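Inside the fold
So you can see what is in the structure, the chains are spelled out below.
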Amino acid sequence: ATLTIEPGVEVSFDSGKSLQVNGTLVARGTSVGNIIFSSSKEVPTAGDWGRIYFTDGSKDATFDGSGNYTGGSILEYCEISYAGGSSAGGALTIESSSPFINYCTIRNSATNGIYIYQGGH
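Residues numbered from 1 in each chain as written. Predicted model: local features only at pLDDT ≥ 70, side-chain atom pairs only at ≥ 80, totals over all residues. Heavy atoms only, no water.

The subject of this paragraph is the pattern of salt bridges. Applying the stated criterion across every chain yields a total of 3 salt bridges. Across the pair Lys41 and Asp48 runs a salt bridge whose closest N-O atoms are separated by 3.5 Å. By relative accessible area, Asp48 is classed as buried at 4%. (Salt bridge = Lys/Arg side-chain N within 4 Å of Asp/Glu carboxyl O. Buried < 20%, exposed > 50% of the residue type's maximum accessible area, 1.4 Å probe, protein only.)

This part covers the side chain of Thr55. Among the structural elements, Thr55 can be located in the loop between strand E6 (52–54) and strand E7 (62–63). Thr55 gets classed as buried once you look at its relative accessible area, which sits at 8%. Setting aside residues no more than four positions away along its own chain, Thr55 makes contact with Gln20, Val21, Asn22, Glu95 and Ser97. (Helix = DSSP H or I, 4+ residues; strand = E, 2+ residues; numbered from the N terminus. Contact = heavy atoms within 4.5 Å.)

With that settled, consider the pairing of strand E11 (residues 90–95). Here E11 lies mainly inside the structure; 6 of its 6 residues are buried. One ladder, built from 3 bridges, connects E6 with E11; its direction is parallel. By the bridge assignment for E11, Ile52 is matched with Leu92. (Pairing = 2+ DSSP bridges.)

Let's shift gears to the sheet that holds strand E13 (residues 105–107). The parallel open sheet is built from 4 strands, whose spatial order is E2-E5-E10-E13. The outermost strands of the open sheet, each flanked by one partner alone, are strand E2 (10–13) and E13. Sheet twist, expressed as the average angle between the axes of neighbouring strands with direction ignored, equals 10 degrees. In the sheet, strand E5 (residues 35–39) pairs with strand E10 (residues 78–81) via 3 bridges, with the strands oriented parallel. Bridging across to E10, Phe37 finds its partner in Ile80. (Axes fitted to C-alpha atoms, helices over the stretch in contact; angles between N-to-C directions.)

Here the focus is the side chain of Thr93. Note on placement: Thr93 falls in strand E11. Take Thr93: its relative accessible area is 0%, and that puts it in the buried class. Here the side chain of Thr93 touches Gly90 through a polar contact of 3.2 Å, landing on its backbone oxygen. When neighbours within four sequence positions are excluded, Thr93 is seen to be in contact with Arg51, Ile52, Tyr53, Phe54, Tyr115 and Tyr117. (Polar contact = N/O pair within 3.5 Å; in protein donor to acceptor, adjacent residues only side chain to side chain.)

Inspection of the secondary structure puts Tyr82 in the loop between E10 and E11. Tyr82 gets classed as buried once you look at its relative accessible area, which sits at 16%. The spacing of Tyr82 and Ser39 is 43 residues in sequence and 6.0 Å in space, taken between C-alpha atoms. Apart from residues lying up to four places away in sequence, Tyr82 is in contact with Ser38, Ser39, Pro44, Thr45, Ala46, Gly47, Asp48, Trp49, Arg107 and Asn108.

All right, on to the nonpolar core then. Counting residues in each nonpolar core, the largest one holds 19 residues, and the members touching the most others are Leu25, Phe37, Ile52, Leu75 and Ile80. Looking at this core, the elements with two or more residues in it are strand E3 (19–21), strand E4 (24–28), E5, E6, E10 and E11. Sorting elements by how many residues they give to this core places E11 first, with 3 residues. The contact partners of Ile80, leaving out residues within four places of it in the chain, are Phe37, Trp49, Ile52, Leu75, Ala91, Leu92, Thr105, Ile106 and Arg107. (Core = buried A, V, L, I, M, F, W, Y, C linked by side-chain atoms within 4.5 Å.)

Shown next, in the form of structure tokens:
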């Protein structure tokens, strides 16, 4: 399955909720239309919500011979704010997978901004 999020969209998470990617996540904002992943609270604080979690089952990013993105999971021109709650290793957690992360900002996390590991956690 593929979830595509359009430029300028804001995704708000309730306390303890996360986005787990077992397929393909295509979140390609633009320099003037970032995609925002943030807390649903009116006055957010670090750790309000869990994380974006790319599992081993998520689709790895692919590239052509010139290094241009051609498919798979991507976060581009995205902002991830106020995550890192619910015992998350990081606001963005990547387990044995290879999404393409480009022009993204991660801020106000209660834990690591990005946490990468190779399974067996």
